[in-house]
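Report on the structure
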Amino acid sequence: MVFLLGGCYDYKEINDLGIISAIGIDYKDDEYLVTLEILNDKQDKDSASVTTYIKNGVGKTLTEAIEDASDKITKGTNFSHVKLMVLSKSLMEERFENIIDLFLRNTYFRENFYVVGSVKNSPEEILSNTSEAESVASDAIIMMLDNMNYSSNSDVLKEFDKVVKDTLSFGVDTCFSNVSIDDKNFYVDGLIVFDGYKYKSLFSNEDAKLYNILTNDFDRPTYSISYDGKSFTVAMSSGKMDVGIKKGKIKVSGNLMGRIVDNDPDFNIRNNDVLEKIDGDFNKLMNDYIYKFIKKMQDNNSDLLGLSLGYYKSNKLADDDYWKYLDIDVDVKFSINKKGLIYEK
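What this report covers is the structure whose coordinates are included nearby. (Residues numbered from 1 in each chain as written. Predicted model: local features only at pLDDT ≥ 70, side-chain atom pairs only at ≥ 80, totals over all residues. Heavy atoms only, no water.)

1. Points about the nonpolar core
What counts, and what does not: Each nonpolar core is a collection of buried residues, namely Ala, Val, Leu, Ile, Met, Phe, Trp, Tyr and Cys, held together in the definition by side-chain atoms within 4.5 Å. Here's how the labels work: a residue is buried when its accessible area is under 20% of the maximum for its type, exposed when over 50%, partly exposed in between, all with a 1.4 Å probe on protein chains only. Runs of E in the DSSP output that reach at least two residues are strands. Runs of H or I that reach at least four are helices, and both are numbered from the N terminus. A contact between two residues is defined here by any heavy atoms of the two lying within 4.5 Å.
Membership of the largest hydrophobic core comes to 43 residues, with the highest contact counts inside it found for L256, F282, I290 and F293. At the level of secondary structure, the elements contributing two or more residues to this core comprise strand 10 (185-195), helix 8 (205-214), strand 12 (222-227), strand 13 (230-246), strand 14 (249-263), helix 9 (272-300), helix 10 (307-315) and strand 15 (327-336). Ranked by residue count, the leading element in this core is helix 9, at nine residues. Among residues more than four places away in sequence, those in contact with F282 are Y223, S224, I225, F232, V234 and F334.

As structure tokens, then:
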């Protein structure tokens, strides 16, 4: 079986290839299980929707499993259009290093496909989960994650080359979103975090929001405080965070500005004293959340923020355990965006 690179094919040649759009990889009983999502060229001519079908393969090595699945496709295989990789929990626990190694050495895969994990569902279940409305599972997953950037901001959508860079770099551990199925619907079910090449834990969606804030890659994540059972909600519209090891402590500083989304308590937001109290409440909330997130990183030995890398660059000391035992000092200033508000002094 020969893997074919994408290149300059005429229309007839493209039709003679099985276009692989996603790959799922599992590991059970000392064998790799590979699921290929293939674009279907035998769809109804009157239908504008694209559909897919899947083929599965098994092997003692990852290459054998990919070849076994590919051999079940009646056409030649083209892997240059892969846009998503789905990894099982057991694969991430036991054979993640082999994924990095194989996909770096082989040229038939591009490195700019996205990576997600699935702790609850198998990759085969994920890529088989299609419907009339969502006929291509990989497209549905990527669109869902992409849309979350503009809503809850609780996803971490990384391309393979970024995952590889994180994994191979000293002093930083990788992470990416976990995808599950509930009643035939995809949903993001936490943040998969690693300790080196090993799956370590499943953090929450709220942790994913904090990770995005601390890496300065956020877009209006929302936070709420309940006042007598009524929620006051703000969206973090802008800000800049600085995280590093300074004077023997993990120091987090920065500024966050929030835009009012919901004012269910019906506060007089034109009153400066009221705004100052709300600022103080959210200031405490965010500092507490950030402290707990970094402590959770320490407890799981997952240096998602590259603290050891930053310390090495500043001090030329390569110690990837040093950060785990340091005290955490968080000093983040929050303020409500008063632009457009006419408030009383």
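There is more to say after this.
2. Thoughts on helix 10
Short version of the rule: Note that the arc is defined by the directions from the helix axis to the C-beta atoms.
Every buried residue belonging to helix 10 is among L307, S308 and Y311, and all of these are buried. Around the axis of helix 10, the buried residues are gathered within 95° of arc, so they sit on the same side. In this structure, the buried side of helix 10 is in contact with strand 13, strand 14 and helix 9. At the exit of helix 10 stands K316, carrying a positive phi of roughly 60°.

3. Section: the packing of aromatic side chains
Stated precisely, the cut-off is as follows: The aromatic pairing rule takes the rings of Phe, Tyr and Trp, using the six-membered ring of Trp, and pairs them if the centres are within 6.5 Å, calling planes under 30 degrees apart stacked, those over 60 edge-to-face and the rest tilted. Ring-over charges, as used throughout, are those where CZ of Arg or NZ of Lys falls within 6 Å of the ring centre and within 35 degrees of the ring normal.
By the definition in use, this model includes twelve aromatic pairs. For the ring pair F176 and F194, a centre distance of 5.5 Å and an interplane angle of 45° mean the geometry is tilted. Linking F176 in strand 9 (residues 175-182) with F194 in strand 10, this pair joins segments that are 18 residues apart in sequence. Each member of the pair F176 and F194 is classed as buried. Taking the centre distance of 4.8 Å and the plane angle of 35° together, the rings of Y311 and Y322 count as tilted. In this pair, Y311 sits in helix 10 while Y322 sits in the loop between helix 10 and strand 15, placing the two residues eleven residues apart along the sequence. One aromatic cluster in this structure is built from Y227, F232, F267, F282 and F334. Here K296 stacks its cationic end above the ring of F203, 4.6 Å away from the centre of that ring. Its guanidinium or amino end placed over the ring of Y312, K316 lies 5.7 Å from that ring's centre, counting from NZ or CZ.

4. A closer look at the pattern of salt bridges
The condition that has to hold: Salt bridge, as applied in this entry: a Lys or Arg side-chain nitrogen positioned within 4 Å of an Asp or Glu carboxyl oxygen.
Evaluated as defined, the whole model comprises 16 salt bridges. Between D139 and K83 there is a salt bridge, with the nearest N and O atoms lying 2.5 Å from each other. Of this pair, D139 sits in helix 6 (residues 137-148) while K83 sits in the loop between strand 5 (76-78) and strand 6 (84-88), and the two are 56 residues apart along the sequence. A salt bridge links D288 to K284, with the nearest nitrogen and oxygen atoms 2.8 Å apart. Of this pair, D288 and K284 both sit in helix 9, separated by four residues, roughly a single helical turn. You can call D288 partly exposed: its relative accessible area is 32%. In this structure K284 comes out as exposed when scored by relative accessible area, which is 55%.

5. Some thoughts on the pairing of strand 2 (residues 17-28)
Using the following cut-off: Strand pairing requires that DSSP identify at least two bridges connecting the strands.
Across the twelve residues of strand 2, eleven count as buried, placing the element largely inside the fold. Taken together, the three bridges between strand 2 and strand 5 define a ladder with parallel strand orientation. Its bridge partner being in strand 5, L17 is matched across the sheet by G76. Relative to strand 3 (residues 31-40), strand 2 runs antiparallel, the two being bridged by eight bridges. Across the sheet, residue I25 finds its bridge partner in strand 3, namely V34. Between strand 2 and strand 3, which pair antiparallel one after the other, the connecting turn spans two residues, and D29 there sits at a positive phi close to 50°. Here strand 2 runs beside strand 6; their pairing, made up of four bridges, is parallel. Considered in strand 6, the bridge of A22 is made with L84.

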